[in-house]
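# A structural walkthrough
Here's the letter readout for the chains.
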Amino acid sequence: MAAAAVGGVRNSFVYKIRSFINKNLVNLFAGALFALLAIFLVYPICAVLVNSFWGEDGFTLSFYKEFFEYNFYYWSLFNTLILGFSTMIILVVVGFCFAYLTTRGPLSLRKPLKIIALLPLAAPPYIFSISLITLLGRNGFINNWLNLNFNIYSWTGVIAAQCLAFLPLSYMMIENVLNSLNPSLEETAADMGASEARIIRSITIPLAAPGLLKAALLVFVMTIAEFGNPAILGGRLPFLAPDTYLMITGEGDFNMASVLSLVLIVPCVIIFFLHNYVLKGKGYATIVGKPTATEPKEMSPVVKIPFLLITIPAAVMILLSFGVILLGAFVKIVGVDNTFIIDHIINTQSNIAIWNSIKVSLAAGLFGAVVGTLLAYVIMRGKFPGKRIMEMMALSGFALPGTVIGVGYIIAFNRPPFLLTGTIWIIILNCVFRFVAVGVEAGISKLHQISIEIEEASADLGADFITIFIKIILPIMFSAFVAGFIYTFMTTMMSLSSVIFLVTPGFDLASVYIYLTAQLGELGLASATTVKMIAIVVVCMAILKIIAKKTGLDVSKQQGV
Amino acid sequence: MENRQSPMLELIDIYKNFGDVKVLKGISASIAKGELLTFVGPSGCGKTTLLRIIGGFTPLTSGKVILDGENIGALPPNMRNTKMVFQSYALFPHMNVRKNIGFGLKLKKWPKKKIDDRVEQLLSLVYMEGLGDRTIDRISGGQQQRVALARALALEPKVLLLDEPLSNLDANLRVVMRDEIRNIQERIGVTTIFVTHDQYEAMSISDRILVLSNGVIQQIGSPMEIYEKPANQFIAGFVGYVNFLEGTVKKADPRAETISVSTEYGSLTVATGNQRKVDIGDTVVIIIRPETVTLFPAERTDLPNTFHGRVESKMYAGNLAKYTVRIGDKALVIDQYNPKDAIQFQRGDDVTFTIPETVHILAKPAIQA
């Protein structure tokens, strides 16, 4: 009788479907995900590539020729590289000073300096354009107060804004490597008679070199890809990211826009590969003894004074920036007319922009988390050819400058079969696939923590794949899912460089609204919108911190807008 | 081991607090020139902290560190002539062997030729001739240990500090390196402090041992003193296995320098030595090392301090046989060395055993720790 019952079950339609899914679920997911990545990541980038070679008369190199013939174009490239290099050099030095003081400096300074160095993470990078204009612009209150004739719309302004915006990136990398150095190495050097300055020169810096190099490369990539600061403060200086945007909005020249954005890709791709494949795992492995309670030593003034002279002004600028943004949201014009008003904060357009951003970010977060979690699972557990390619595709969105993907989306989804231009979906999908890498990495690191034996044990106990997936895998991946969701939500909120290509008039996103109001000098509105955005981002970061504390999954320190 | 010379290093009433935690509570000790003193104690007893205070890596809360007559307690590490070998060796991974050893000399601005000669000399001292150009990741753990030692010795420190230098090596190499360190230390006669949590290591390498527990010195003495005449039950139990036997003094004969102690085994005659004064009625603890007890068949009763028991278990370990003998409700562990040439007993056998008169006794209130 029992056998008959089993036989009956085996023949039922539901059982057949179930067993089909059981056998093929991972492959079904893999196929679907491959298709999604191909359409929403590979296709737009190929579209850019094709557009840079394909004019009205078919294949041509004339666009590239044009790029290298007109000084406006190649200066745009030079300027971008100069901006990248100078920000990189300044930030390695400043980041090192911050990291040294917060790991080896006086105890009373460690916590406050660390918080300040990480503070810019809570705001989009272009916040510093707004604060610098408020402080040092034509009507800026330091400019007025000290009667300076300082022009913030210049190299100084752009570099300063970029340095402040990307300090956390450099700081976090360098702090990490300084923390991982075995303290007895520096103690031995002191024991041998080396002064603190000598120890830094002969021991600390050489040992931290791989970390310093990584920090430098990351800062370089992030800086050259940044849209907001050079667009707002660049004045007449050409830079690649804003020029690409102007090429489309001003001239409607998609071919040249493609060329400009591809030129920007080259250094990014080179550095991405250097970073992920050449530098990976580089560093010195040292035998670690027992952790001893090391008490902070008194820093020698030869080191302490220059380090403080470098860090304190940067710290003051960061605090001042957040201060004037907050102030700017609630007064008429900072430093000029300090009467309290709430007009900026309750401004309808600003609120609509924030609301739109929340809607887009929620959708992108949700969709991004689903895609990211599934990708992580398929990459880790699937057995099919092309897994590595899939992983590289998934991670590439993060490495590519937003400008490229933005241009790619308007070219690719402007015509059937994927006519998305003008809809909210093009923005959502853009953000999903640009930021999916973080969700994928979170999911992979979560899956690394659990042995495949857990799944095998469940199978051994009689569970089929669907049951395992629902009862075991999903609960385990849940923290990665939430982390991916919040991270995508947060970065979509702040993202500017690629969504600026995709918004239509009448549908403002908060980031775009901030950019436009800052361009027009409406600093009050820009500040008020930024304050609201910061509030949302801070809540998101708090949630990510809680996840990190509870599950050890930390994505809160990824930066990329 | 009294020394007549003025000490090379003197610690005077050292206290150290980490916040509210009192790590060291009044440490005083002195170390003679050329001596190898070991700090030994369970983990968390403060031995590494004390070493780091001498090296200048950890500031002391109060007290004095006198190096060759000079108070160095407040000086930073680079200003005092003590050199430390860290547990992790702390070799600079971006420099080769030669550069590591010469690092301190270069800081002292020695001319290059002189540095090279000195480094060669040190390489041969630590049996590493010809390996000077190797990078740190291309030499073995034992060799790294030697480089760290050579680097510390390069500047001819007045005191060499070794922080658990053998703990990263595997068991066989540990013994080899232990003997080698002792050998080098005796050859160049450098005053050395050696920190370890391994009491056997301490016993085999030291001139004297300083036993530390809970931030207090339990005893300082030669390995023999520590083992044979432990100052309290903690030390007796810390170094080697010990049977504790409590008893009351029944008879004290000043002329024969022996006392009679009534214990659960029966009456026991014990030599008092010359320092310990006990009176009739005092409670004492008798320290019985397993290897000092001799086993006989049950018929032998003609020897002094003879007691009867029954073998409860026996463990044969080649060089020795370990017996647990039950006497009433007490158990006594007895080691019989070279069991091959001795009469062996089996579980359930009735036996006689003798406890030598020379066993060490502790007055009961002496328990610390």
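Predicted model only: the values in this text are computed from it and were never measured.

Okay, a positive patch on the surface next. A cluster of like positive charges, contributed by Arg-201 of chain A together with Lys-99, Lys-106 and Lys-109 of chain B, occupies part of the molecular surface. With respect to the helices, strands and loops of the structure, Lys-99 of chain B is situated in helix α2 (residues 97–107).

Listed as interface residues are 35 residues of chain B and, on the opposing side, 27 residues of chain A. Taking both sides of the interface into account, the surface hidden between chain B and chain A amounts to around 2600 Å²; carbon and sulfur atoms contribute 61%. Among the residues of chain B in contact with chain A, Pro-93, His-94 and Leu-107 of chain B are the three that bury the most area, contributing 21% of the side total. Where chain B touches chain A, the interface holds one salt bridge. In this structure, Arg-52 of chain B and Glu-187 of chain A form a salt bridge, with 2.5 Å as the shortest nitrogen-oxygen distance. Breaking the side of chain B that touches chain A down by element, the ones donating at least two residues are β1 (9–18), α1 (47–55), β6 (82–85), α2 and α4 (141–154) of chain B. The greatest single-element share of the side of chain B that touches chain A, amounting to four residues, is contributed by α2 of chain B. Taken together, the residues of the side of chain B that touches chain A sort by class into 16 nonpolar, eleven polar and eight charged.

Take the packing of aromatic side chains next. All chains considered together, the criterion is met by 33 aromatic pairs over all chains. The lysine or arginine in question, Lys-114 of chain B, covers the ring of Trp-110 of chain B, its NZ or CZ lying 4.3 Å from the ring centre.

With that settled, consider a nonpolar patch on the surface. Residues Val-50, Trp-54, Phe-59 and Leu-61 of chain A make up a contiguous nonpolar surface patch of about 450 Å² in total accessible area. On the accessibility criterion, Trp-54 of chain A (49% relative accessible area) is partly exposed.

Residue and element names in this part refer to chain B. Pairing within the open sheet is antiparallel, and its four strands lie in the order β2-β1-β4-β5. Taken across any chain shown, the strands that pair with only one partner, and hence form the sheet edges, are β2 (21–31) and β5 (70–71). Sheet analysis places β1 next to β2, joined by eight bridges and oriented antiparallel. Bridge pairing links Lys-16 to Leu-24 in β2. Against the sheet, α1 makes contact with β1, β2 and β4 (62–67), and its axis sits at roughly 115° relative to β1, the strand it touches most.

Reading the values: rules and limits
Residues numbered from 1 in each chain as written. Chains lettered and ligands numbered in written order. Predicted model: local features only at pLDDT ≥ 70, side-chain atom pairs only at ≥ 80, totals over all residues. Heavy atoms only, no water. Patch = residues over 30% accessible without salt bridge, like charges linked within 9 Å, V, L, I, M, F, W, Y side chains within 5 Å. Areas by Shrake-Rupley, 256 points an atom, 1.4 Å probe, with all protein chains shown as cover. Salt bridge = Lys/Arg side-chain N within 4 Å of Asp/Glu carboxyl O. Lys, Arg positive; Asp, Glu negative; His and termini not counted. Charge placed at Lys NZ, Arg CZ, Asp CG, Glu CD. Helix = DSSP H or I, 4+ residues; strand = E, 2+ residues; numbered from the N terminus. Contact = heavy atoms within 4.5 Å. Buried area = accessible area lost by both parts, 1.4 Å probe. Nonpolar A, V, L, I, M, F, W, Y, C, P; charged D, E, K, R; others polar. Phe/Tyr/Trp six-rings, centres within 6.5 Å; stacked < 30°, edge-to-face > 60°. Lys NZ or Arg CZ within 6 Å of the ring centre and 35° of its normal. Buried < 20%, exposed > 50% of the residue type's maximum accessible area, 1.4 Å probe, protein only. Pairing = 2+ DSSP bridges. Axes fitted to C-alpha atoms, helices over the stretch in contact; angles between N-to-C directions.

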